[in-house]
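Observations on the model geometry
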Amino acid sequence: MSRDIDPITLAVLAGRMEQIADEMDATLFRAAFNPIIAEAHDASHGLYHAASGDTLVQGKSGLPIFVGVMSFAVKAVIDKAAADGDLADGDIYIFNDAHIGGTHLSDMRLVRPYFYKGELFCYLASVGHWHDVGGAVPGNYNPAATDAFQEAFVLPPVKLARAGQISQDIIDILLRNTRLPQSAEGDLNGQLGALDLGVKRMDELLSEYGTDTVSAALDAMGNRAEALMRAELTALPDGRWSAEDFLDNDGISDAALPICVSLEIKGDRMVLDFEGTAPRCAGPVNIALPTAVATAYVAIKHIFPSLPANAGVMRPVDVKVPEGSLLSAEFPAPVGGYTETILRMIDVIFSAASQAAPERVVANAYGTINALSIAGKRANGAPWVMFSFYGGGHGGSVESDGLNHGNAPISTATIPPMEILEAAYPVMFRQWALRPDSGGAGAHRGGMGAVYEIEVLEENGAEAFLFGERGRFAPQGVAGGGTGAMNVFSYEQDNGWLNPPLISKMRGIKLRQGQAVRLETPGGGGYGVASDRDPAAIARDVARGLVSPDRADTLYGPAWQEVDQ
Amino acid sequence: MSGRMIGVDVGGTFTDIFVLNEDDGTASVGKVPTTRPDQSGGFLAGMAAQVDDLSQLSVVVHGTTAGTNALLERKGAKAGVITTQGLRDVLEMRRRDRPRTWGLRGDFEPVVPRELRLEVPERTLADGSIRTAVDLQAVRDAAHALLEQGCEAVSILFANAYANPENEAAAVETVRAFWPNPHVSASHEILPEIREFERFSTTALNAYLQPEISGYLDRLQAALQSGGFDGEFMIVQSNGGVMAVDTACRFPVRTALSGPAAGVIAAGYIAQTAGFPDVITGDMGGTSFDVSLISGGKTVLSPETSIDFGMVVRTPMIEITTIGAGGGSISWVDKGGLLNIGPESAGSDPGPVAYGLGNDRPTVTDANVVLGRIDPDSPIGGKLKRLDVEAARIAIDTHVGQPLDLDTEQAAEAILRVANSRMAGAIRLVSIERGFDPKQFAFMPFGGGGALHAGAMMAEVGIARAIVPRYPGVTSAMGCVIADMRQDFVQTINTLVDHLDEAALARFMQDHTDTGMEMLDAARTRFQAREVTFELDMAYVGQTHTVPVPLTVSLTEGKVQAPTRADVIAAFDTAYHGIYGRLLDKGMRRILNLRSAVTGKRPKFDLSTLAPSGTVRIAPKNVRPVHFGSEWRDTAIYDRLSLPVGTVIKGPAILEQLDTTVLIEPGLSGRVDAYGNTIIEPAEGEV
């Protein structure tokens with residue numbers, strides 16, 4: 001099938017298909033009810049291979065982690081359809097089972113076979129993070145879950161539509177199992193709309209170019225991605241480097257969990273081996289195997305940002321995940337906190353790669369999603385849930401200091417405006433600010449984390465839940481750079497400010513009206529040794545109040561004091 | 001009042017002049033080099049070349065990139081911020097984004113550094129209630145501290161000031177009482193809309209621009225007046241409307257896309273007059289290709305744009321999509337053997353290799369020169385005597401031909417194919433994204449270089465025809481003369497429709513109308529008509545993105561007949577159904593913002609007065625070889641402006657004028673229409 005395609009047609013078709021995925025993203029973002037999709041873009045759309053499920057094309061605005069993980073979701077549908085033997089044009093499968101499709105149960109996946117002139121051509125898929133999918137904790141970040149059932153309802157791949165006929169039964173089941181049925185219905189309709197649009201655009205494309213040419217273009221795009229990846233690897237020295245970091249705990253018992261990697265480069269191939277990583281744990285920082293493989297892809301794409309977003313990139317890469325480890329947990333192990341685990345995987349991959357080629361790698365970013373939910377009932381009895389992720393500092397790089405208050409490497413999500421949150425929920429932010437002295441020292445220092453202090457205004461009070469990390473182990477620097485500040489969570493009670501026993505995770509914190517929680521998020525790690533930092537840059541940081549004079553003296557020595565401002 | 005109207009567009013390279021004689025409808029155009037850093041030199045020189053006596057002018061309208069340049073080059077004033085306790089870092093924290101999805105590199109510094117962002121005790125809640133009254137002594141102390149630090153401008157940025165401006169208004173009054181200049185901006189005055197980062201950013205950028213832009217406009221106005229000018233001096237806004245110069249001095253952030261917006265306004269008018277209400281414009285300059293879409297004669301407005309990472313401006317502006325593929329964009333081959341265009345650009349100085357001013361890496365213009373598409377003996381703008389073709393060939397050989405194993409002509413063709421493919425991608429994006437099929441549109445190139453690429457755009461995108469305006473190089477200057485006067489207003493309402501205070505909504509609508517009408521009354525220009533439009537941003541409760549809901553509202557002697565709740569519900573249902581194809585049974589409808597626009601329609605001029613008057617068939621002025629595909633072909637060269645109406649010229653041919661080269665590729669033909677535009681279509685008998 002892989003007939004040659006001229007480079008200009010290839011460029012045109014690659015652009016057209018990316019546009020289709022981008023348009024599907026935009027359709028859902030516009031229609032979605034819940035801010036996690038509409039504002040934070042925690043969703044993704046793409047085209048997937050008809051037989052293997054490999055990611056062919058993915059929208060640019062979707063969440064980076066989904067690039068790799070969605071191929072597993074599509075493959076699960078391919079396997080199910082093969083077993084059932086009843087795949088038809090107009091079918092749409094739906095599921096949230098994270099052990100099959102990766103990530104966590106909040107992510108609702110819709111997978112639709114795309115037929116052209118009666119032949120299966122590829123799959124289209126839409127995934128989005130729903131606001132609530134049942135379980136013990138509103139918003140589904142349950143730090144104390146010991147199995148999947150405490151996290152959410154679990155839906156395996158089932159047909160939401162058969163040959164174009166939507167099953168209202170499935171929708172009724174879904175909407176009865178969420179605390180926010182209207183939000184769920186809005187998101188579901190948005191995802192269906194995105195798939196419809198994808199079908200329409202693919203029809204147009206195939207009628208214009210024909211299936212042979214488009215197939216040839218898809219093959220060529222994968223091959224080109226593979227060739228570029230091989231060229232990148234060849235340019236790096238051969239060798240084997242390892243790195244280790246830790247998760248604070250699993251939310252159940254207070255024991256640190258090692259995450260280990262050894263990175264080997266040999267010619268044009270790479271092996272990532274996670275041997276030494278902690279075994280499956282009781283709490284929700286386990287991840288399923290598809291998530292682990294997809295995470296390796298995200299880390300690689302950050303190290304080689306010009307690589308295209310398709311499965312060809314991973315052909316020269318071997319990802320080895322030890323059986324029984326928390327990186328390949330089986331059903332029904334809880335996986336709700338998967339974000340924390342994969343952020344740590346990315347950190348160790350960066351730390352290992354920095355030993356091979358420091359200039360290619362940025363220091364560790366803040367390394368926790370900090371899922372904080374504050375919930376309660378209004379005077380009229382109506383429930384409310386404010387759920388958001390909070391930002392922190394990025395790592396320094398060979399180019400510059402790390403970004404202050406960035407988003408997580410696995411995401412492109414923006415944070416909702418404070419005023420939107422205050423208008424929607426009975427809270428007030430006493431502080432929404434940078435956290436001085438939180439960036440790791442270095443020739444290029446880490447970016448600053450943030451301080452958010454949130455007061456409850458509702459007479460009935462509220463309950464708070466936090467799922468965070470980096471409370472005991474700081475983000476690492478690279479090439480001799482220092483560590484960023486650790487995560488600090490505090491909450492106000494009648495007897496003053498307290499910290500959770502498990503430092504970065506806690507559920508059911510009761511707050512009265514007028515009491516607050518405070519989240520001080522980590523900064524990024526530094527790049528290069530502190531003694532190489534330009535004294536003028538240190539003096540500027542001090543003048544801006546981003547680095548205190550004492551800390552500047554301790555980290556960098558007194559030379560900055562001689563700089564004329 | 002009659003006399004002459006003049007439009008002056010100051011671009012990066014040239015200052016363009018368009019003069020319209022209102023008495024007889026005749027027009028003339030001119031072009032001089034832009035002066036830097038002070039653009040007023042070129043402005044005045046260009047006017048002087050067209051008009052002897054400034055007292056003959058009734059209206060001067062200016063499109064300017066001074067604001068954009070000051071933002072991009074970070075050359076605004078030293079400015080300070082006074083803000084709510086706990087929120088000094090909002091400008092620096094942005095919406096927690098990053099410059100690029102992949103790679104995690106890069107940092108960001110806002111235009112106001114942290115040491116100049118000071119906090120004061122005050123707090124308003126989201127419902128508009130005041131939790132902490134503003135401490136005016138703290139405001140005074142903060143303002144004095146900023147003055148001592150040398151700040152020339154200041155902005156007051158308070159939380160939830162959109163819901164209740166009382167604290168912020170008290171603070172701004174206090175500061176204005178002693179601040180030594182008018183450069184004090186308040187967030188509720190600039191943008192009374194929910195979302196603190198967007199409101200603070202727009203306001204802080206306004207303050208940052210104010211000393212620079214108002215100084216520049218004051219200098220221009222003084223120079224005009226000392227030359228005897230006694231008419232109206234107006235500035236083009238990013239929304240494609242004009243405003244009085246004193247409004248521009250207060251709201252300089254509204255000029256962020258002034259020049260490009262004027263170009264789109266003119267392009268829309270020209271296209272509609274020529275019978276093509278659906279058109280995609282492509283402005284090719286030295287560093288970028290700017291694409292905009294006009295459907296049914298209407299431009300598309302977008303609510304906000306990022307001038308650069310983290311520099312968000314939220315004012316209505318004509319939606320223009322920019323890609324880094326201009327005439328000066330540098331072409332290079334990457335490690336994977338792929339040919340790339342830009343984003344690095346040689347701009348106009350040093351410019352393409354053929355300019356001989358020091359750049360030795362090949363640009364898109366160099367490819368056009370090497371292929372014979374641009375005449376090396378009469379380069380545009382008149383700054384140079386002759387282009388250095390040999391140097392351009394060497395650069396293309398060295399940087400593209402040798403790495404890709406192509407000969408010079410093949411390498412130059414490859415540069416154009418990749419550049420064209422990127423430009424076509426931008427055209428497809430702006431149309432498909434909004435649900436339009438680009439094949440249904442005409443393509444209108446303007447700017448100096450666009451008309452060389454019209455045929456390629458037709459082929460790549462499948463567009464049926466291109467329309468090249470008679471004076472493509474001065475389109476933005478013409479737009480200055482055509483644009484209506486317009487002021488946009490926004491007010492966050494944030495209520496369920498069921499709880500809507502109809503009287504309060506009516507008061508906001510009336511207030512917007514009155515303020516807009518006062519502005520029109522104060523103007524000394526003529527209006528053919530006045531128009532007020534209202535729109536609500538609405539959604540169902542729980543939905544984040546709003547839909548624009550146009551309201552049909554009648555105005556009786558300036559009094560707004562405000563809509564009822566039932567009117568609002570009906571309008572929302574129509575708009576929502578139009579976008580999503582369904583309504584939600586149990587959904588509660590919510591109003592977020594009111595948006596109003598007051599427009600004074602300025603008289604349009606008859607474009608046919610620009611048409612050529614001759615009737616004699618014109619012969620080619622010469623023939624030169626031009627490279628197409630894989631061969632050199634003898635190509636007839638015409639003096640474009642002397643071709644009479646109705647002339648049809650078959651490609652390959654080149655039509656030349658002072659500042660533009662129109663390329664008619666083999667298989668296409670060019671026809672001169674009744675307005676002097678050139679319509680490029682597939683030649684008869686060919687597909």
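Residues numbered from 1 in each chain as written. Chains lettered and ligands numbered in written order. Predicted model: local features only at pLDDT ≥ 70, side-chain atom pairs only at ≥ 80, totals over all residues.

Quick word on the overall build of chain B
Put simply, the test is: Helix and strand assignments follow DSSP, with helices taken as H or I runs no shorter than four residues and strands as E runs no shorter than two, numbered in order from the N terminus. Each radius of gyration reported is based on C-alpha atoms, and the globular scaling rule is 2.2 Å times the count of residues to the power 0.38. Counting other C-beta atoms within 10 Å of a residue's C-beta gives its exposure: the residue is buried at 20 or more, exposed at 12 or fewer, and partly exposed in between, where C-beta atoms are placed from the backbone. Two residues qualify as a contact pair if the distance between their C-beta atoms, derived from the backbone, is within 7 Å.
Looking only at helices and strands, chain B has 16 helices and 37 strands in total. Since a compact globule built from 687 residues should have a radius of gyration of about 26 Å, the 26 Å found for chain B is in line with a globular shape. Scored against the burial criterion, the 687 residues of chain B give a buried share of 56%. Put simply, of all contacts in chain B between residues at least 6 apart along the chain, 67% involve residues at least 24 apart.

Some points on the domain arrangement of chain A
All names here are of chain A. To keep it simple, the criterion reads: The domain limits used here are those given by an automatic or database domain assignment. Under the scheme applied, nonpolar residues are Ala, Val, Leu, Ile, Met, Phe, Trp, Tyr, Cys and Pro; charged residues are Asp, Glu, Lys and Arg; polar residues are all the others, including Gly.
Domain boundaries in chain A define domain 1 (7-227) and domain 2 (362-533). Taking only C-alpha atoms into account, the centre of domain 1 sits 31 Å from that of domain 2. Looking at side-chain class alone, the side of domain 1 that touches domain 2 contains ten nonpolar, four polar and two charged residues.

Observations concerning the interface of chain A and chain B
At the interface, 61 residues of chain A touch 46 residues of chain B. The set of elements that each furnish at least two residues to the side of chain A that touches chain B consists of helix H1 (7-31), helix H2 (35-38), helix H6 (181-209), helix H7 (211-234), helix H8 (289-303), helix H10 (418-424) and strand S14 (427-434) of chain A. The leading source of residues in the side of chain A that touches chain B is H1(A), at nine residues.

Notes on the environment of Ala299(A)
Residue and element names in this part refer to chain A. Structurally, Ala 299 is set in helix H8. By the C-beta count within 10 Å, which is 25 here, Ala 299 ends up buried. Residues Ala 299 and Glu 453 lie 154 residues apart in sequence; the distance between their C-alpha atoms is 32 Å. Setting aside its immediate chain neighbours within four residues, Ala 299 contacts Ile 346, Ile 349 and Phe 350.

Some remarks on the sheet that holds strand S9 (residues 257-266) of chain A
Residues and elements named next belong to chain A. Inclusion rule: Should DSSP find at least two bridges between two strands, the strands are taken to pair. Between N-to-C directions, angles span 0 to 180 degrees; the directions come from axes that are lines fitted to C-alpha atoms, helices contributing only their stretch in contact.
Read from one edge of the open sheet, four strands run S8-S9-S10-S11, paired in mixed fashion. Two strands bound the open sheet, and with one partner strand each, they are strand S8 (239-247) and strand S11 (317-320). In this sheet, adjacent strand axes meet at a mean angle of 15° when their direction is disregarded. As defined by bridge partners, S8 adjoins S9 across nine bridges and the pair is classed as antiparallel. Looking at the pairing, Asp 245 lines up with Ile 259 of S9. Lying over the sheet, H8 contacts strand S10 (269-273) and S11, oriented at roughly 135° with respect to S11. Where helix H9 (residues 338-356) meets the sheet, it contacts S8, S9 and S10, and its direction lies at approximately 145° from that of S8.

Focus: the packing of helix H9 (residues 258-273) of chain B against helix H14 (residues 475-482) of chain B
All names here are of chain B. To keep things clear, this is the line we draw: Any angle that falls under 35 degrees is termed roughly parallel, while one over 145 is termed roughly antiparallel, one within 65 to 115 roughly perpendicular, and all others oblique.
The interhelical angle for the contact between H9 and H14, taken along N-to-C directions, is 80°, at an axis separation of 7 Å. In terms of their interaxial angle, H9 and H14 are classed as roughly perpendicular. Two secondary-structure elements touch here, H9 through Gly 259, Ala 262, Gly 263, Ile 265, Ala 266, Ala 267 and Tyr 269 and H14 through Thr 475, Ser 476, Met 478, Gly 479, Cys 480 and Ile 482. Its residues assigned to classes, the contact of H9 with H14 shows eight nonpolar, five polar and no charged.

Side note on the sheet that holds strand S9 (residues 153-157) of chain B
All names here are of chain B. On the basis of which strands lie adjacent, the open sheet formed by four strands has the order S6-S5-S9-S10 and parallel pairing. The sheet is open, and its two edges are formed by strand S6 (117-120) and strand S10 (184-186), each paired on a single side. Here the strands of the sheet are splayed against their neighbours by 20° on average, with no regard to which way each runs. Judged from the five bridges that link them, strand S5 (residues 79-84) and S9 form a sheet pairing that is parallel. Its bridge partner lying in S9, Thr 83 is registered against Leu 157. Sitting on the sheet, helix H7 (residues 196-226) is in contact with S5, S9 and S10, with an inclination near 165° to S9.

Side note on the domain arrangement of chain B
We note that the domain assignment places domain 1 (72-213), domain 2 (277-464), domain 3 (485-588) and domain 4 (611-682) within chain B. Each of domain 3 of chain B and domain 4 of chain B was reduced to a C-alpha centroid, and the two centroids are 49 Å apart.

Points about the nonpolar core
Defined as follows: Joining buried Ala, Val, Leu, Ile, Met, Phe, Trp, Tyr and Cys residues through C-beta atoms within 7 Å gives a set, and that set is a nonpolar core.
Ile349(A), Ala204(B) and Ala466(B) are the most contacted members of the largest nonpolar core, which has 364 residues in total. Each residue touching Ala204(B), except ones within four places of it in the same chain, is listed here: Ala79(B), Val81(B), Leu91(B), Val111(B), Val112(B), Ser155(B) and Leu157(B). In terms of nonpolar packing, the next biggest core, distinct from the first, is built from 19 residues, Leu505(B), Phe508(B), Leu536(B) and Leu551(B) among them.

Examining helix H11 (residues 389-404) of chain B
Residues and elements named next belong to chain B. For clarity, the cut-off: The span you would expect from a helix comes to 1.5 Å times its residue count less one. The angle separating two fitted axes, one through the seven residues that finish at a residue and one through the seven that start at it, defines the bend at that residue.
Taking 1.5 Å per residue as the helical rise, H11 with its 16 residues ought to reach 22 Å, and the 21 Å between its terminal C-alpha atoms agrees with that figure. At Asp 397, H11 shows its strongest bend, of approximately 45°. Those residues of H11 that fall on the buried side of the exposure criterion are Ala 392, Arg 393, Ala 395, Ile 396, His 399, Val 400 and Gly 401. The first or second residue beyond H11 is Asp 405, which carries a positive phi of 60°.

Re the confidence of the model for chain B
Heads up, the condition is: pLDDT: the predictor's confidence for each residue, scored from 0 to 100.
Averaged over every residue, the pLDDT of chain B is 91; residues scoring 70 or more account for 98%. ipTM for the predicted complex: 0.93, alongside a pTM of 0.92.

Remarks on the pairing of strand S14 (residues 289-295) of chain B
All names here are of chain B. Most of S14 sits out of view: six of its seven residues are buried. Of the strand pairs in this sheet, strand S13 (residues 279-284) and S14 are connected by six bridges, and their pairing is antiparallel. Opposite Met 284, over in S14, you have Phe 289 as the bridge partner. In this structure, S14 lies alongside strand S20 (residues 321-323), joined through three bridges in antiparallel fashion. Across the sheet, the residue bridging to Val 291 is Thr 321, located in S20. Sheet topology places S14 next to strand S15 (residues 298-299); two bridges connect them, and they run antiparallel.

A few points about helix H16 (residues 565-580) of chain B
Residue and element names in this part refer to chain B. The line we're drawing: Throughout, the arc means that of the directions going from the helix axis to the C-beta atoms.
An ideal rise of 1.5 Å per residue puts 22 Å on 16 residues; H16 measures up with 22 Å between its terminal C-alpha atoms. Residues of H16 that are buried include every one of Val 568, Ala 571, Phe 572 and Tyr 576, and no others. Summarising the axial view, the buried residues of H16 lie within an arc of 125°, below the 170-degree limit, and thus occupy one face. When the buried face of H16 is taken as reference, the exposed residues oriented beyond 90 degrees from it are Ala 566, Thr 574, His 577 and Gly 578. Structurally, H16 contributes buried residues whose contacts are with strand S26 (529-540), strand S27 (547-551) and strand S30 (589-601). Downstream of H16 by a residue or two, Gly 581 has a phi angle that is positive, lying close to 75°.

Brief notes about the pairing of strand S12 (residues 371-377) of chain A
All names here are of chain A. The buried fraction of S12 is high, at five of seven residues. In this structure, S12 lies alongside strand S16 (residues 462-467), joined through five bridges in antiparallel fashion. Across the sheet, Ala 375 pairs through a bridge with Glu 463, a residue of S16. Direction of pairing for S12 relative to strand S13 (residues 383-388): antiparallel, over a ladder of six bridges. Directly across from Leu 372, in S13, lies its bridge partner Ser 388. Linking S12 to S13, which pair antiparallel, is a turn of five residues; within it Gly 381 sits at a positive phi near 90°.

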